[in-house]
Amino acid sequence: MASRYIYHPFIKGTMPQTKPIVSIENVVASATVNQTVNLNLITQIFPDVEYHPDQFPGLVFRLRSPKTATLIFSSGKMVCTGAKSEKMAIQAVKNVVQKLKKGGIPLENEPQIEIQNIVASASLGGKIHLELAARVLPRSMYEPEQFPGLIHRMLDPKTVILLFASGKLVCTGAKKESEVYRAVGNLHTLLEEKNLMIYEG
Amino acid sequence: RLRTWDSRSQVHEPVDRNFRQAFSELDRLKDKLAVGDAVIEKAAYVYRKALEKGLVRGRSISALVAAALYAACRDTETPRTLKDIANASNIKKKDVARCYRLLIRELDLKMPVVDPVKCVARIASKAGLSEKTKRKALEILKKAEEGKISAGKDPMGLAAAALYVACVMNGENKTQKDVAEAAGVTEVTIRNRYKGLKTHLKL
DNA sequence: GCTTTAAAAAGTAATTT
DNA sequence: AAATTACTTTTTAAAGC
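All of these numbers come straight from a predicted model, not from anything done at the bench.

Parameters and conventions
Residues numbered from 1 in each chain as written. Chains lettered and ligands numbered in written order. Predicted model: local features only at pLDDT ≥ 70, side-chain atom pairs only at ≥ 80, totals over all residues. Heavy atoms only, no water. Contact = heavy atoms within 4.5 Å. Buried area = accessible area lost by both parts, 1.4 Å probe. Salt bridge = Lys/Arg side-chain N within 4 Å of Asp/Glu carboxyl O. Polar contact = N/O pair within 3.5 Å; in protein donor to acceptor, adjacent residues only side chain to side chain. Helix = DSSP H or I, 4+ residues; strand = E, 2+ residues; numbered from the N terminus. Nonpolar A, V, L, I, M, F, W, Y, C, P; charged D, E, K, R; others polar. Buried < 20%, exposed > 50% of the residue type's maximum accessible area, 1.4 Å probe, protein only. Pairing = 2+ DSSP bridges.

S.K.: Go over the interface of chain A and chain B, please, and point to the residues and values.
M.R.: Taken together, the contact between chain A and chain B spans 17 residues of the former and 19 residues of the latter. For the pair chain A and chain B, the summed buried area comes to about 1500 Å², and 57% of that belongs to carbon and sulfur atoms. Considering only the surface of chain A that becomes buried against chain B, A:Met141, A:Glu145 and A:Gln146 emerge as the three largest contributors, covering 39% of it. Taken together, the connections running from chain A to chain B amount to 1 salt bridge. Between A:Glu143 and B:Arg74 there is a salt bridge; the shortest N-O distance is 2.5 Å. Scanning the region where chain A abuts chain B turns up 6 residue pairs in polar contact (both at pLDDT 80 or more). Only helix H3 (130-136) and strand E9 (140-142) of chain A provide two or more residues apiece to the side of chain A that touches chain B. Its residues assigned to classes, the side of chain A that touches chain B comprises 9 nonpolar, 2 polar and 6 charged.

S.K.: So what's going on with the environment of B:Gly157? Residues and values would help.
M.R.: Residue and element names in this part refer to chain B. Its place among the elements puts Gly157 in helix H9 (residues 155-170). You can call Gly157 buried: its relative accessible area is 0%. The sequence separation of Gly157 and Leu107 amounts to 50 residues, and the corresponding C-alpha distance is 29 Å. The residues touching Gly157, leaving out its near neighbours within four places in the chain, are Val185, Thr189 and Arg193.

S.K.: So what's going on with the pairing of strand E2 (residues 21-32) of chain A? Which residues, and what values?
M.R.: All names here are of chain A. With 9 of 12 residues buried, E2 lies mostly within the body of the structure. Two elements, E2 and strand E7 (residues 112-123), share 11 bridges in a ladder whose sense is antiparallel. In the sheet register, Ile21 faces E7, and the bridge partner there is Ser123. The pairing of E2 with strand E6 (residues 77-83) spans 5 bridges and is antiparallel. Across the sheet, the residue bridging to Val27 is Ala83, located in E6.

S.K.: A description of the environment of A:Gly126 should follow, citing residues and the corresponding values.
M.R.: Residue and element names in this part refer to chain A. With respect to the helices and strands, the residue Gly126 is situated in the loop between E7 and strand E8 (127-128). Residue classification places Gly126 among the buried positions, given a relative accessible area of 8%. Through-space distance from the C-alpha of Gly126 to that of Leu196 is 9.8 Å; in sequence the pair is 70 residues apart. Leaving out residues up to four positions away in the same chain, Gly126 has contacts with Thr18, Ser166, Gly167, Met197, Ile198 and Tyr199.

Right under this line is the structure:
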């Protein structure tokens, strides 16, 4: 759990019954160095990379810090996964490009980086009545035979939230950390409004 | 009964050709799964809506028909599992499930959650359990549902565990494996659900 | 559609001890 | 029967089949 954030919804003096605890778990970023790259040359210089072109066209370049896996394509485009924050994802891509340069890979441009997806986990302070939630929440699906969580598609911010009976959840699809907090706050408010939360302890 | 749809399909549009294939597939599944006409009609209705929405484009007609049939079973509370539909249609359970979720999402369908109570009858008949045991399992299940232990759990696993507990109470010589096989779950799942029933319901 | 990468949630499952 | 490992769901980009 890299970046931990405690949500404070009591802006107008209304104390909520619980404060969601949110953790950013994974950030996916795409990048490009705007030039082609010789993947076979990278394989020679960095023996630990994974490259199986018959299986997947991307080369896997792993960093120990920040602990990430970056897919590098011959087009010069990349995908970085595993970072715990937007900042770490951006730093990871810069570190990869720097290592390639120091290893002798001729790269002239700085990478252009875009955050594509953020996955976060959170805990609302109480249990959830999933069966009832499945009936009253719009754009939600609850199929316990297929998956134990309720799948809710939020329109604003456009995210998908997997909600569990324990009150824990997974939020995915956000492109900014702020959207994660807004999504979790929205759902928490909605669940309380519709009396779908069960506060015991 | 499918003849009315067939005659409608006489007009040679690409859509009708798709319909004919879907309907013949449905007719074939009807016998294999022994479901009633009402279920087939609902499945056909769902499939037509999917076709109108263009959900079949680039997808297997058979997989979508299977998913529509599963949706119809769920909607009519007809006890057929995803595995039943997958076996009858020769389509991977994972693919039927994926198409089913697509139908729910895109057609805004609201399905009732599978009731473990309805699973009891199927498991009991397959395992050859007595009426007394079945009734006891139902009692156990009702207490479990009241105790909110069911959320997120596989209804089949819950029903199987309740039946196993009922067997022990009634002295019926059935092993966890017997009940597990009849329910299509593993013994480990029955054991895990049993733990929950034991602690939360003080059985 | 699929392939690969990361990550969490909770359940089910297949192996191993 | 406990432990481990592994798979189910969701998201997202990349290039190619």
